[in-house]
Amino acid sequence: MIRRMQLNGRNLGSPWLMLFGVVGLVSLLSACSPAFNDNESASREYHSSAWNSPHPAREVGENILYSSFSGQPKHLDPAISYSADESRFIDQIYDPPLQYHYLKRPFELEPNTLVRMPTIRYLDANGNDVDENSSAVAFSEYDFELKPGILYQPHPAFALTNEGEPYYQFAKPEEAQSYSKLRDFRRTDTRELKATDYVYQIRRLADPSLLSPIRGLLEEYIDGMTEFGDAVKAARESLPAGAWLNLNEFEFSGVEVLSDYEYTVRLKGKYPQFSYWLAFHFFAPLPIEADRFYHMPGMEDRNIVLDWYPIGTGAYMMTQNDPNEAIILERNPNYRDDFYPTEGEEGDAEAGLLEDAGKKIPFIDKVVYRLEKEAIPLWTKFLQGYYDRSGVSSDSFDQAIRVGAGGIGLTDEMRDRGITLERVVVPGTFYFAFNMLDEVVGDTGTKKEREQKQKLRHAIAIAYDQGEYISIFQNGRGEVGMSPVPPGIFGYQQGKEGINPYVFDWVDGRPKRRSIADAKKLLDEAGYPEGRNAKTGKPLVLNLDSAGGSGGSAAQSWLIKQFAKLNIQLNIRGTDYNRFKEKMNTGNAQMFQWGWLADYPDAENFLFLLYGPNGQVVTQGAGVNSSNYNNSEYNRLFEKMKLMENSPERMKIIRRMLEIFHRDMPWGSIFHPHDYVLNNPWVYNSKPHGISKAILKYLRIDPEVRQTIRGERNNPVFWPLLLVALALLLLAWPGYRAYRQRQQGTLASAINSIEDAKASSPQQDSATSSSVASTSASRKRND
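The shown structure was predicted, so the numbers you read here are calculated from the model rather than taken from an experiment.

Trainee: Teacher, can you tell me more about the pairing of strand β1 (residues 64–69) here?
Mentor: As a general feature of sheets, a regular strand has side chains that alternate between the two faces. Most of β1 sits inside the fold, with 6 of its 6 residues counted as buried. The side-chain alternation of β1 yields two buried faces, one formed by Ile64, Tyr66 and Ser68 and the other by Leu65, Ser67 and Phe69. As paired elements, β1 and strand β10 (residues 366–371) share 6 bridges and run parallel to each other. The residue bridging Phe69 from the neighbouring strand is Leu371, located in β10.

Trainee: What should I look at first to understand the pattern of salt bridges in this one?
Mentor: Side chains that carry opposite charge are capable of pairing whenever their charged atoms lie near each other. All told, the structure shown has 40 salt bridges when counted by the stated rule. With its nearest N and O atoms 2.7 Å apart, the salt bridge here joins Asp197 to Arg191. For Asp197, a relative accessible area of 1% gives the class buried. A salt bridge links Asp664 to Arg663, with the nearest nitrogen and oxygen atoms 3.0 Å apart. Residue classification places Arg663 among the partly exposed residues on the basis of a relative accessible area of 28%. Several salt bridges converge on common partners, so that one network encompasses Arg121, Asp129, Glu141, Asp223 and Arg266.

Trainee: What's the story with the environment of His295 in this structure? I'm lost.
Mentor: Here His295 shows up in the loop between α8 (288–294) and β8 (316–322). In this structure, the C-alpha to C-alpha distance between His295 and Trp244, residues 51 residues apart in sequence, is 5.4 Å. The residues touching His295, leaving out its near neighbours within four places in the chain, are Gly242, Ala243 and Trp244.

Trainee: For this particular structure, what's the right way to read the nonpolar core?
Mentor: Across soluble globular proteins, nonpolar side chains show a tendency to be buried alongside one another. Phe185, Val265, Phe283, Phe293, Leu456, Ile568 and Leu607 are the most contacted members of the largest nonpolar core, which has 166 residues in total. Among all residues touching Leu607, those that are not within four sequence positions of it are Pro484, Val485, Tyr634, Phe638, Met641, Ile654, Met657 and Leu658. Val392, Phe397, Ala400 and Ile401 belong to the second-largest nonpolar core, a separate cluster that totals 17 residues.

Trainee: Before we go on, may I ask you to explain the side chain of Glu422 in this structure?
Mentor: Looking at the element boundaries, Glu422 is found in strand β14 (residues 420–425). Buried charged residue Glu422 carries no salt bridge. Nearest counter-charge: Arg389, at 4.0 Å. A polar atom in the side chain of Glu422 sits 3.1 Å from the side chain of Asn679.

Each value, and the rule that gives it
Residues numbered from 1 in each chain as written. Predicted model: local features only at pLDDT ≥ 70, side-chain atom pairs only at ≥ 80, totals over all residues. Heavy atoms only, no water. Buried < 20%, exposed > 50% of the residue type's maximum accessible area, 1.4 Å probe, protein only. Helix = DSSP H or I, 4+ residues; strand = E, 2+ residues; numbered from the N terminus. Pairing = 2+ DSSP bridges. Salt bridge = Lys/Arg side-chain N within 4 Å of Asp/Glu carboxyl O. Contact = heavy atoms within 4.5 Å. Core = buried A, V, L, I, M, F, W, Y, C linked by side-chain atoms within 4.5 Å. Lys, Arg positive; Asp, Glu negative; His and termini not counted. Polar contact = N/O pair within 3.5 Å; in protein donor to acceptor, adjacent residues only side chain to side chain.

Below you can see the structure in the form of structure tokens.
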């Protein structure tokens with residue numbers, strides 16, 4: 001027994017077992033390929049043949065594009081949504097009448113669901129045709145003709161009974177209790193797109209209860225929109241909250257259905273930019289059946305609403321909306337015949353962007369967006385091949401991008417992986433601005449005081465080194481702006497004539513920021529020598545308001561240093577977004593940072609950011625003029641320019657507006673961001689657009705190439721585990737030897753004790769025998 005226990009102790013304590021265990025685990029990981037039957041829980045589903053894949057095994061080799069999102073889209077209703085993060089989803093679903101050509105630059109509109117571009121008639125006040133350049137133009141009438149045969153995606157709103165009535169009709173909320181998601185409605189159908197669907201959506205835009213962000217703008221132009229909205233608002237006052245109202249029952253003079261495939265929209269006066277709005281999801285069709293369906297009693301309580309489940313005729317339909325896990329778009333099985341462009345701009349053919357010319361689209365069957373809140377895991381999964389495309393965050397910039405004398409390009413690591421880089425100037429403008437109603441930095445007071453405050457703004461603008469900011473905090477992804485109008489938009493100024501002469505000099509063929517000495521001289525003339533009030537001697541303290549913390553982030557420290565160049569003390573007042581918005585709306589912010597991305601590629605969409613009547617204070621928060629700038633000459637020129645077609649005369653007006661802007665300096669600094677997109681080698685036809693988000697139908701992937709490269713990039717390497725096991729063995733060996741020696745010493749002592757006991761046992765037996773014999777003899781004598 002002693003030997004058997006000794007053997008078991010040696011086997012249980014041996015460090016060789018640790019090594020054999022690790023090797024066994026490695027072998028198990030590399031060899032196992034579990035499979036679960038279809039009836040098992042989805043949570044136990046094995047995620048593909050690659051041990052680290054975030055995607056289900058059933059999707060291996062499928063024609064699926066994988067992307068990500070970081071936050072829940074707030075609105076999916078085409079009348080309400082006004083966010084780029086929402087447009088990336090819904091613009092694949094909704095079909096406005098126009099679209100942007102995918103490849104051509106400058107941006108060009110083309111028919112989407114229309115037979116041809118809308119025809120425009122110009123009418124006088126009596127309805128007679130007049131020339132577009134006539135001063136008698138009172139109305140512009142847009143005529144639309146739809147392509148026949150366009151079908152909606154399958155949807156329960158179209159399901160009918162044998163009698164032709166809606167299949168789903170709930171009179172009471174209780175009737176909806178058995179439905180928790182849209183897919184619980186098993187019966188679906190479709191129908192053809194009709195002109196009335198486009199008109200019904202325009203009616204929805206005019207409905208005050210929907211709070212469409214563009215209703216105020218459209219009321220200025222669409223004839224009868226204000227009156228229609230007033231009538232709808234009055235009718236809703238007599239209805240229960242949330243009850244459905246048929247918007248077709250109200251008169252709307254500015255829209256008319258001419259036939260199943262024709263409709264008109266009448267504008268007051270001229271508004272050339274209206275064509276751009278026609279490429280927005282705001283003007284996509286909405287069938288009245290869907291509006292009735294989503295307003296049935298009990299549907300809103302279950303969040304079965306249009307704002308969560310969009311419906312359209314586009315290339316894709318949303319089949320899953322789970323903001324805590326994934327949003328999934330799948331090919332619309334009823335999508336019309338649509339084809340990849342056959343022409344583009346110069347260089348597109350050489351870039352391979354016309355290899356699919358004339359082929360039917362969409363190419364991809366399914367698009368899966370997975371929730372990724374952190375940039376680093378997202379980047380890692382892109383490199384592993386589990387995401388097909390990626391942006392470039394600050395954390396991954398150095399690994400992906402090489403900046404050298406030859407310009408910006410990919411690092412060797414990225415090129416070795418076959419990854420490609422696309423760079424595009426975003427049609428947007430970000431700016432540091434002054435509140436022009438502020439008593440210290442604004443355009444207020446006497447003429448002399450206003451001139452002094454203007455010089456103060458000039459001094460700050462010189463000190464505020466936007467180029468340095470772009471280099472440090474944007475990794476060079478952007479360019480210093482000279483005006484609100486970004487590159488690629490008519491009105492953008494280049495070269496010497498485009499610089500802001502109050503901030504830059506033109507030296508050796510490029511702009512050079514004026515010196516701090518110049519800025520200090522201006523500060524002195526503004527009444528603040530060395531950053532102190534010339535009258536009181538008190539230091540100048542300025543406030544920058546932001547929708548964020550007021551702590552010591554690197555960007556905030558940088559901002560403070562910019563003002564310190566002039567001995568100005570900067571106080572950063574961080575707060576939550578609602579409080580910040582309130583400050584902006586009431587004019588209580590002094591300085592701030594803001595930005596604007598183009599709605600459409602026209603200078604008017606940027607220069608209106610400085611139009612006086614658009615001021616946030618005068619419009620009680622509804623305007624886009626966040627600096628509350630108000631210059632009478634600028635306003636007059638804007639009103640003339642905004643309705644003009646692009647021409648030399650329009651450019652001349654824009655240049656004069658920018659001269660005024662430079663002099664008055666409502667914005668202290670501007671930059672136009674650059675966007676970098678990385679594509680894995682199996683992605684084709686990728687060309688950033690900048691305006692349109694409806695691009696998924698043009699993309700193509702090669703799933704077989706993706707699967708092969710994934711395997712190469714994710715081949716498990718287990719030898720480090722073996723090294724760890726060996727290191728553990730070496731570390732454990734001295735202790736193990738000491739332990740064995742103690743065990744052997746204890747065992748030897750036990751054996752010696754037993755042997756001593758055995759040696760003394762004969763004497764003990766003899767004494768015992770004598771005692772027994774004596775006792776026996778005594779008993780016999782007594783007897």
